[in-house]
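Reading the structure
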Amino acid sequence: MKRVFSAVFAAVFLLLPLVACSSSGGKDKVDTIKIGVTLYRKDDTFVASLCNDLEKIAKQMEAKSGKKIVVNVVDGQSSQALQNDQVDSFISRHYDVICVNEVDRTSAAVIVNKVKAADIPVIFFNREPVEEDIRLWDRAYYVGADAAQSGQLQGEIIAKAYAKDPASIDRNGDGKIQYVMLEGEQEHQDALLRTEYSIKAVTGAGIKVEKLADEIANWQRAQGTAKMNQWLTKYGDRIEVVFCNNDDMALGAIDAIKESKRKVKPIVVGIDATEGGVNAIKDGSMFGTVYNDARGQAKAIFDLSYAFATGEDPAKTVKLQGGHYVWVPYRMVTIQNADDILSILQN
Ligand code: BGC
Ligand code: CA
């Protein structure tokens with residue numbers, strides 16, 4: 001009995017280093033993959049849906065691959081200092097990859113330097129760091145969508161409708177589109193470029209515009225409602241189009257318009273194609289939006305993460321541009337394809 005026991009004991013001891021080795025050494029034998037994700041804030045509608053998709057994709061891959069895949073999502077609560085600490089904590093717990101939805105996208109260098117020192121790859125997403133910071137390390141990546149393209153597509157929705165029936169947009173018939181603009185956060189690449197390119201697309205189509213007002217509502221529905229209330233009081237029926245940098249603010253503007261009980265309702269366009277946004281197109285309260293492919297971005301983040309954790313070449317699973325970037329295209333959404341987009345969102 002004693003001999004059997006010591007033989008088992010010895011076997012366990014001999015095997016232990018092998019087991020330890022296989023989980024840290026040979027990359028292809030990894031059986032637990034740890035992905036750390038920190039969000040600028042968890043209650044952002046678009047970011048939350050991207051994160052949901054990421055967790056779903058990880059679950060599917062877990063079932064398929066037989067590996068355990070941990071996706072640990074933490075909330076940066078709009079604090080860069082907190083987010084930096086969260087990254088430190090992922091590093092100290094040896095995560096395979098760290099995904100960062102940067103609070104302050106102009107200060108990514110701090111995080112890049114931390115993960116570089118720890119030799120852990122980092123994937124920034126949705127909030128684009130300056131290129132200089134991404135290029136600080138060859139294992140730093142960005143997954144996102146081309147902000148200018150989304151603005152362009154939003155402007156085209158209005159330009160097309162105008163070309164078809166000018167009076168449906170230019171309600172007062174003065175040959176110009178009177179508009180207001182709800183902007184996202186001040187420093188966000190999407191806010192800056194959407195604001196610029198949406199109007200460029202309209203004027204580029206030879207249509208004259210007149211800006212009545214332009215304000216920041218930080219991507220948030222309630223702030224959108226507050227600004228729109230003020231504008232409705234000030235400009236009333238003069239507002240023909242409400243350009244919104246995202247759907248949540250568009251839904252906020254729609255809340256205000258509904259509340260005001262006006263007969264003539266301004267035309268509202270958004271960006272994201274969240275479920276709420278697409279449903280608003282279906283019920284006629286929103287004119288159009290632009291599909292910001294959360295699932296496509298989540299898939300690229302996951303594929304990159306999986307490649308890093310298993311020692312594969314990331315360029316084989318995603319289309320990398322300039323060695324560091326994955327760009328997921330936008331799509332225009334109107335009543336014509338609202339159902340198609342909705343079924344993508346609900347699947
Ligand atoms: C989305 C917004 C979101 C923001 C957060 C943008 O790409 O369109 O809805 O609030 O990202 O960073
Ligand atoms: Ca007009």
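Per an unreviewed UniProt entry, the protein goes by the name D-galactose/methyl-galactoside binding periplasmic protein MglB and belongs to Caproiciproducens galactitolivorans.

**A few points about the environment of Met-332**
Position of Met-332 among the secondary structure elements: in strand 12 (residues 331-333). Considering only alpha carbons, one finds Met-332 and Val-290, 42 residues apart in sequence, at a separation of 4.6 Å. Not counting chain neighbours up to four residues away, the residues in contact with Met-332 comprise Leu-153, Glu-156, Ile-157, Lys-160, Thr-289 and Asn-337.

**Details of the pairing of strand 1 (residues 32-39)**
Judged by how many residues are buried, strand 1 sits mostly within the fold: six of eight residues are covered. Inspection of the sheet shows strand 1 paired to strand 2 (residues 68-75) by eight bridges, in the parallel sense. If you follow Leu-39 over to strand 2, its bridge partner there is Asp-75.

**Quick word on the coordination of the calcium ion (ligand 2)**
The coordination sphere of the calcium ion (ligand 2), as far as protein atoms go, consists of Asp-170 (OD), Asn-172 (OD1), Asp-174 (OD), Lys-176 (O), Gln-178 (OE1), Glu-240 (OE) and Glu-240 (OE), spread over 2.2 to 2.5 Å. Between consecutive donor residues of the calcium ion (ligand 2), the sequence gaps follow D-x1-N-x1-D-x1-K-x1-Q-x61-E. Its relative accessible area of 29% is what places Lys-176 among the partly exposed residues.

**Some thoughts on the pattern of salt bridges**
Opposite charge on two side chains lets them pair, provided their charged atoms get close. Counting across every chain of the model gives 16 salt bridges. Across the salt bridge formed by Asp-237 and Arg-262, the nearest N and O atoms sit 3.0 Å from each other. Of this pair, Asp-237 sits in the loop between helix 9 (221-235) and strand 8 (241-244) while Arg-262 sits in the loop between helix 10 (247-260) and strand 9 (267-269), placing them 25 residues apart in sequence.

**Quick notes on the UniProt feature "domain: Periplasmic binding protein" (unreviewed entry) in the protein**
UniProt annotation of "domain: Periplasmic binding protein" (unreviewed entry) refers to residues 35-312 when read in the numbering used here. Measuring from the first to the last C-alpha atom of residues 35-312 gives 16 Å, for a span that is 50% helix and 19% strand.

**Notes on helix 3 (residues 80-92)**
Between its first and last C-alpha, helix 3 extends 18 Å over 13 residues, near the 18 Å set by a 1.5 Å rise per residue. Restricting attention to buried positions, one finds in helix 3 the residues Gln-80, Gln-83, Asn-84, Gln-86, Val-87, Phe-90 and Ile-91. The arc that holds the buried residues of helix 3, viewed along the axis, is 155°, so those residues lie on one side. Opposite the buried face of helix 3, by more than 90 degrees, sit the exposed residues Ala-81 and Ser-92. Looking one or two residues beyond helix 3, the residue adopting positive phi is His-94, at roughly 55°.

Quick notes on the rules
Residues numbered from 1 in each chain as written. Chains lettered and ligands numbered in written order. Predicted model: local features only at pLDDT ≥ 70, side-chain atom pairs only at ≥ 80, totals over all residues. Heavy atoms only, no water. Helix = DSSP H or I, 4+ residues; strand = E, 2+ residues; numbered from the N terminus. Contact = heavy atoms within 4.5 Å. Buried < 20%, exposed > 50% of the residue type's maximum accessible area, 1.4 Å probe, protein only. Pairing = 2+ DSSP bridges. Donors = N, O, S within 2.8 Å, 3.2 Å for Na, K, Ca; no water. Salt bridge = Lys/Arg side-chain N within 4 Å of Asp/Glu carboxyl O. UniProt positions renumbered as here; feature names shortened; annotations may be inferred. Expected span 1.5 Å × (residues − 1). Arc of directions from axis to C-beta.

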